[in-house]
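# Reading the structure
Chain by chain, the residues:
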Amino acid sequence: MESWVQGSLGSAPPSGGSHVGGPWSRAHTLPDPDMLPPSPRPDVLCGALTGSPRQQDPAPSPTCPLGPQGPKAGRQHCGLPGFGGHPDSGHLAVSLPAAGSPGRAWTPSTCRAPGEATCNFVCDCPGCSDETQCGYHAASPALGVPFACDFEQDSCGWRDISTSGYSWLRDRAGATLEALGPRSDHTLGTDLGWYMVVGIHRGKEAAGATLRSPVLWNAAPTCELRLWYHVAAGAVAELRLELTHRAETLTLWQSSGPWGTGWQELVVTTGRIQDDFRVTFFATRNATHRGSVALDDLVFRDCGLPAPQAHCPLGHHHCQNLACVAPHQLCDGEDNCGDRSDEDAYSCRHHIATDFEMGLGLWNHLEGWARNHSTGAWHPAWPHRDHSQNSAQGFFLVSVAEPSSPAVLSSPIFQASGAHNCSLVFYYYLHGSEHGSLQLFLQMENPGSPQVSILLRRRCGELGAAWVRDRVDIQSEHPFRILLTGHTGPGGVLSLDDLILSEHCQPVPELSSPPRGLWALALQPQPSSLPPQDFCEPGHLSCGELCIPPEQHCDFQQQCEGGEDEQECGTTDFEAPAAGGWEDASVGRLQWRRLQAQESGGPGTDAGGVAAGHVLSLQRAWGQLAAEARVLTPALGPSGPRCELRVAYYFHGHPQGFLALVVVEGDSRELVWQAPSGDRGWKVDTILLGARRRPFRLELVGLVDLDGPGQQGAGVDDVTLKDCSPAAAMQDSEISCNFERDTCGWHTGHLTDAHWRRVQSRGHGYDHTTGQGYFLLLDPTDPPARGPGAHLLTQPQAPSGPQECLSFWYHLHGPQIGTLRLAVRREGEAEVLLWSRTSTQGNRWHKAWTTLHHQLGSGTKYQLLFEGLRDGYHGTMALDDVAVRPGPCWAPRQCSFEDSACGFSSGGQGLWTRQANATGLASRGPHTDHTTETAQGHYMVVDMSPQALPRGQVASLTSEVHQPLAQPACLTFWYHLSLRNPGTLQVHVEEAQRYQVLSISARGGFAWRLGSVDVQAERAWRVVFEAVAAGTEHSYIALDDLLLQDGPCPQPASCDFEAGLCGWSHMPWPGLGSYSWDWSSGATPSRYPQPPVDHTLGTEAGHFVLFETGVLGPGGRAAWLRSQPLPATEASCLRFWYHVGFPEHFYKGELRVLLSSVRGQLAVWGTSGHLRHQWLEGQVEVASAEEFQIVFEATLSGQPALGPIALDDVEYLAEQHCWLPAPTQGDTLLAASVPTMVGSALLILVLLVLLGLVGRCWLQKKGGCPSQGEMAAEASGFDNIVFNADCVTLPASLTDNQ
């Protein structure tokens, strides 16, 4: 028998201009892992990557655009390219889109397009003015550019039509004190970005919020809508996306949860929609749900119909509306022209189409199939519409067979096609189960010869709720029959629609008997490297006398003596047809195929240099949905911490193309690697996969323009998984590490897409070891990392002694960065927090250490964990030079009591306790701590009431041993005394002997106060806090935030910032946007602009505090730098030096001085300035009848502008009047020029007087600034409001919060 059979999974690629878009709507150097579509994890191994496409159509011409055809993400398939066949010539035109751009504000169009030409996904007017406020904004008139809305400028025409208080609005996380939605948008990944959100509904009744698009027109068959949604856990009862067309409403998507964490992507296809339609998004809450949900980054992709053309390329079809379509789009069951002239009866008169509207046609329903429609469907995975009519009323064929039985559909016997192709185009729907499958067989009908059945297609797994196109081309010298068999997995649905046979598929009327051996064919085991399963249950692997359950396949732990259970588990050189278990899951115009290297279009050889060797490469395919090609392993793991993947690859692509590796674990997707584009030569890379507690799949995602410039392409070879067994006996890895060669025993966790990365010093990032080496970096914005944080772990370690000292250097820098934590884990025990720092610690490396305590007899190993918790999106975290040694550490130089008591001991009585007041039930102590200024923060407190501590008795709190001091140091601490006199707080230093250095017996109050002592100790020493009781009921003493710094203690509220902040607090306030002042020097590389020198030393080595106002964003708030509480004063002088750096003729930053007390806040000084390359002196005389704090506020006077505000040499002169400073260098230069400026100054003075008089009159008429009498009457004292002093306008951040 001689027969040519053409067919493989999605193999016969169409030709003609068609647009392919990537899974990301904007250009990224690295793809956004969150924007990779979700992929369920199939558990079925369906076969090898083989087969050849039939390519027969001529290359398209760019003169006939076919309209954008875009990706269909979120659809994951377990697919098997078919077997046999020879590739022919042909082309698939794949063009990559330009990067989308953010939406822009709407302006009236001067082009009056007809109604149907507005919001039709085609730019008919110059500048695409007819495609704005359409639920999207046209980013560019270029064909194929997606139409997107990111809500950054406006709502793009989306309207809330809710009828209850539960409604949609445009908002951002940083716009209010308590954001309604997520803490960051999806577009920018920050709290400055905007989204649509349903506010929290506090009513007890059920309610629904409805968001509706404008009227849209004429969606192409390839049209898809992508959007990102965010739902808080337990927030919403149901979400639903609907499309209303004429009198019919189609449900595109519906879900009642469970909802994933963070932003989730949703991708739906609309199908061909004629005339006008609307899209509506519903959020429904019931009495038990709060109802918060947000939407962002809506993208309509490939929705426009092709434009008319005067001439079409050779071989293309000219539609009646003058559009051009490629030959393979004729009679394929989809209206590609837009007027159905490519599907009319005359053009398709030689085709045999079965749409199941009236019956089965010439197909023979043998078993397990039934005609049905979507109306009243009860099954959650049931198709919401058919493919033929794109309607819930349309019919399709659905499998009703039991999961263990196949559904079989048979064609009649066809005549031998000879040299012609008998082509079958068909659409299938496989959704709801990872175990469903569809197979297409060719059965030869050759009398006198053994019956031969050839598998041409097999798809299995979860494809999503979409109709997928495929096509097979058959050449046979003998009669043949086509069989479609399907297995439905538990909870799954398999459907067929629009089976279209070409003109060379001619039935043989006299041979209409049922196919011979059909049931044997349908039930026979499919080709596989696995041995026959004799006595084992279905799905189990038989090896010898063992039956290996599915969960032990590919778990990196060999069960079978011959290792059969660990074969086809990802490791492969692609020489065997099974391809290591990698299976193509593509449904678009690209696919992954196993080919000989010389036929793949790549370097010409495999990674070993052999031309006849096999590789896995990107090739053309038949699908019409997602543009990117995907290939997956079977379910792997769990894995151990050393698990890594080594892969050889080549990748040469358009800037919008990519080759990436994604780890799919349940519903989560984690981007772990992306190939840089380069030449077409082979490269090798190693990717750390690390420890994963659940089974996972590896997925290669690729997108290239095979017909673009530069011979684009991608391929992989020699894939090896190494050291992945979690049970492998491994020696304890090294914790001590400077990261110069590798990460030693540290590996990244995989809870989110935020990762610690080993990077080399460059630019503002530099290591601690040499300043030019390597370190570990957590940058929350590169790539956009949308998880809450990142983990860095060791593998389990055996302790070397009862105590070990762990030291490390950390860098925590930026105006809005978050928290760095260190914890220890032990089996069977709760995680113990050892150390943490919150908010910026200045632009420098700091050393920290902590003592690890072990129980040697238990044999329990421990695991260390660094966790970066992101509280913002501006700044970086870094680690370097981690070391562990036997024995305890010295006492820490800084302690906030947030993690532990820092080694402090309270003696035998244990009167000092570490507590927080989060529940409000603490019997003694302040309501908030000093570190976080919240009730959740911790501090040390002692109950001073007579019942706990009689009058005159002492409660001691003793530190661990501090290392000797090489120079004098300053020990600062914050204390809180109860309103009722608790007694005396004494501070002692124990060196060779014990001596008192401070005694505090002042009255109590509501504020934390700063204490400081100078310490000189040439030997090891301790600090002891003693509370001496006064015998007062309901009294206490509390301590928080101890800090030991080199140098003498400064005067209150005075600081040159050389050693630190001197008690000035930069704690971010949520009400002001949670931004912090930072601490840096000119010599320290920084990602933010800063002064080149300080004022104190006048050199790069000097330090200052600064704030970069550019991070505030539109409507941004402010950052506060607050002094310690200061006593009331009749007149004191505040002097400081400031530096502002803003471009000329641009919006300016503002620096203000506020006085804050229990009565309110008063602005006493303010300035705004342009770029000046010098430090300027400021001074202001302050007075307050109450205890107060000085606040330096940095804010903006207009729109965002990149520029720093810096401070240095702050000096508070208590009870001293300000005096005019001696002339500085700048003053001297000014004085020298006075004689030449007198005339100009007098003229300006006259003009200012006149303007002042006019302005005074105008202000009095308009009710502007009050007169002096009014000011005196109003500002006789502080109230709980914010006052204006000398007509200084206060920022909205203050006035809005009052």
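What you see is a predicted model, and the numbers here were worked out from it, not measured in a lab.

### A word on the overall build of the protein
Within the protein, the regular secondary structure consists of five helices and 70 strands. Buried positions account for 56% of the 1298 residues belonging to the protein. Put simply, of all contacts in the protein between residues at least 6 apart along the chain, 79% involve residues at least 24 apart.

### Remarks on the packing of aromatic side chains
Scanning the entire structure with this criterion turns up 35 aromatic pairs. Look at phenylalanine 426 and tyrosine 428: their rings are 5.9 Å apart centre to centre, the planes differ by 35°, and that puts the pair in the tilted class. Per residue, the accessibility class of phenylalanine 426 equals that of tyrosine 428, and both read buried. Put simply, the rings of Phe121, Tyr136, Phe147, Phe277 and Phe300 pair up and form one aromatic cluster. Note that arginine 170 overlies the ring of tryptophan 194, its terminal NZ or CZ placed 4.1 Å from the centroid.

### Regarding the pattern of salt bridges
In the structure shown here, the tally under the stated rule is 28 salt bridges. The partner of glutamate 445 in a salt bridge is arginine 481, and the shortest N-O contact between them spans 3.6 Å. Residue glutamate 445 is located in the loop between strand S26 (437–444) and strand S27 (453–460), and its partner arginine 481 is located in strand S29 (residues 480–487); the two are separated by 36 residues in the primary sequence. Assigned by exposure class, glutamate 445 and arginine 481 land together as buried. Residue arginine 630 is joined to glutamate 699 by a salt bridge in which the shortest nitrogen-to-oxygen separation is 3.2 Å. Separated by 69 residues along the polypeptide, arginine 630 in strand S36 (residues 629–632) and glutamate 699 in strand S41 (residues 697–703) bring together distant segments of the chain. Taking relative accessible area as the criterion, glutamate 699 reaches 0% and is therefore assigned buried.

### Section: the nonpolar core
Judged by nonpolar contacts, the single largest core of 45 residues is most densely connected at Trp168, Leu239 and Leu241. No other element matches the five residues that strand S16 (residues 273–285) contributes to this core. Non-local contacts of tryptophan 168, meaning those with residues more than four positions away in its chain, are made with Asp160, Ser162, Met196, Val197, Val198, Ala209, Thr210, Leu211, Phe281, Ala283, Val293 and Leu295. Grouped together as the second largest cluster of nonpolar side chains are 44 residues, Leu618, Tyr649, Val662 and Leu721 included.

### Thoughts on the sheet that holds strand S34 (residues 590–596)
Adjacent strands of a sheet form backbone hydrogen bonds with each other and so pair up, either parallel or antiparallel. In space, the five strands of this open sheet follow the order S34-S35-S42-S37-S40, with antiparallel pairing throughout. Strand pairing shows two members of the sheet lacking a second neighbour, S34 and strand S40 (683–688), which therefore form its edges. On average, each strand axis in the sheet is inclined to that of its neighbour by 30°, with strand direction left out of account. One ladder, built from six bridges, connects strand S37 (residues 644–652) with S40; its direction is antiparallel. Residue glutamate 644 lies in a different strand from S40, and its bridge partner there is leucine 688.

### Section: the pairing of strand S62 (residues 1103–1108)
Counted residue by residue, S62 has six buried out of six residues, so it is predominantly covered. Here S62 shows a buried face lined by His1103, Val1105 and Phe1107 and a second buried face lined by Phe1104, Leu1106 and Glu1108. In the sheet, strand S61 (residues 1078–1081) pairs with S62 via four bridges, with the strands oriented antiparallel. Across the sheet, residue aspartate 1078 finds its bridge partner in S62, namely leucine 1106. Here S62 pairs with strand S69 (residues 1204–1213) via four bridges, running antiparallel. Bridge pairing in S69 links phenylalanine 1107 to isoleucine 1205.

### Some details on unusual backbone geometry
Each neighbour pair has its own omega, and for glycine 637 with proline 638 the value is 10°, a cis peptide bond. Position of proline 638 relative to the elements: it lies in the loop between S36 and S37. Look at leucine 322: it is not a glycine, yet its phi comes out positive at around 75°. Relative accessible area serves as the criterion here: at 44%, leucine 322 is assigned to the partly exposed category.

### Considering the sheet that holds strand S39 (residues 668–674)
Judged by pairing direction, the sheet is antiparallel, and its five strands sit side by side in the order S33-S36-S41-S38-S39 without closing on themselves. The sheet is open, and its two edges are formed by strand S33 (583–584) and S39, each paired on a single side. Pairing of S33 with S36 involves two bridges; the strand directions are antiparallel. What sits directly across from aspartate 584, in S36, is valine 631.

### Things to note about the confidence of the model for the protein
Reading fine detail from the predicted coordinates is not recommended where pLDDT is low. Overall, the prediction assigns the protein a mean pLDDT of 78, with 76% of residues at 70 or greater. Note that pLDDT drops below 50 for residues 1222–1243; the model gives that stretch three contacts with residues more than four away or on any other chain. Between residues 1257–1298, whose pLDDT stays under 50, and residues either more than four places distant or in other chains, the model counts 59 contacts.

### Considering the state of the cysteines
Within the structure shown, the criterion is met by 17 disulfides. Sulfur-sulfur distance for the disulfide between cysteine 805 and cysteine 889 comes to 1.9 Å. Between cysteine 805 and cysteine 889, the disulfide has an S-S torsion of 110° and is therefore right-handed. In this pair, cysteine 805 is assigned in strand S47 (residues 803–826) and cysteine 889 in the loop between strand S50 (862–886) and strand S51 (894–895), connecting sequence segments 84 residues apart. You'll find cysteine 805 and cysteine 889 in the same group, each marked buried. Two residues share a disulfide in this structure: cysteine 895 and cysteine 902, whose sulfurs sit 1.9 Å from each other.

### Some details on the side chain of arginine 692
For arginine 692, the position within the fold is in the loop between S40 and S41. Classification of arginine 692 as buried rests on a relative accessible area of 2%. Within the structure, the side chain of arginine 692 is placed 2.9 Å from the side chain of glutamate 670, a separation counted as a polar contact. In this structure the side chain of arginine 692 is engaged in a polar contact, spanning 3.1 Å, whose partner is the backbone oxygen of leucine 689.

### Some details on the environment of leucine 856
Positionally, leucine 856 belongs in the loop between strand S49 (846–853) and S50. Spatially, the C-alpha atom of leucine 856 lies 9.0 Å from that of alanine 798, the residues being 58 residues apart in sequence.

### Details of the pairing of strand S14 (residues 248–255)
Across seven bridges, the pairing between strand S13 (residues 238–245) and S14 is antiparallel. Following the sheet pairing, histidine 245 is matched in S14 by glutamate 248. Between S13 and the antiparallel strand that follows it, S14, lie two residues; arginine 246 among them carries a positive phi value of about 55°.

### Some details on the environment of cysteine 724
Mapped onto the fold, cysteine 724 is located in the loop between strand S42 (713–722) and strand S43 (746–748). With 169 residues separating them along the chain, cysteine 724 and aspartate 555 place their C-alpha atoms 8.8 Å apart. Apart from residues lying up to four places away in sequence, cysteine 724 is in contact with Phe556, Pro638, Ser639, Gly640, Cys643 and Glu644.

### Quick word on the environment of aspartate 667
One can find aspartate 667 in the loop between strand S38 (658–665) and S39. On the basis of relative accessible area, aspartate 667 is assigned to the exposed category, the value being 68%. Separated by 403 residues in sequence, aspartate 667 and glutamine 264 have C-alpha atoms that sit 10.0 Å apart.

What counts and what doesn't
- Residues numbered from 1 in each chain as written.
- Predicted model: local features only at pLDDT ≥ 70, side-chain atom pairs only at ≥ 80, totals over all residues.
- Heavy atoms only, no water.
- Helix = DSSP H or I, 4+ residues; strand = E, 2+ residues; numbered from the N terminus.
- Buried < 20%, exposed > 50% of the residue type's maximum accessible area, 1.4 Å probe, protein only.
- Contact = heavy atoms within 4.5 Å.
- Phe/Tyr/Trp six-rings, centres within 6.5 Å; stacked < 30°, edge-to-face > 60°.
- Lys NZ or Arg CZ within 6 Å of the ring centre and 35° of its normal.
- Salt bridge = Lys/Arg side-chain N within 4 Å of Asp/Glu carboxyl O.
- Core = buried A, V, L, I, M, F, W, Y, C linked by side-chain atoms within 4.5 Å.
- Pairing = 2+ DSSP bridges.
- Axes fitted to C-alpha atoms, helices over the stretch in contact; angles between N-to-C directions.
- pLDDT = per-residue confidence, 0-100.
- Disulfide = S-S within 2.5 Å.
- Polar contact = N/O pair within 3.5 Å; in protein donor to acceptor, adjacent residues only side chain to side chain.

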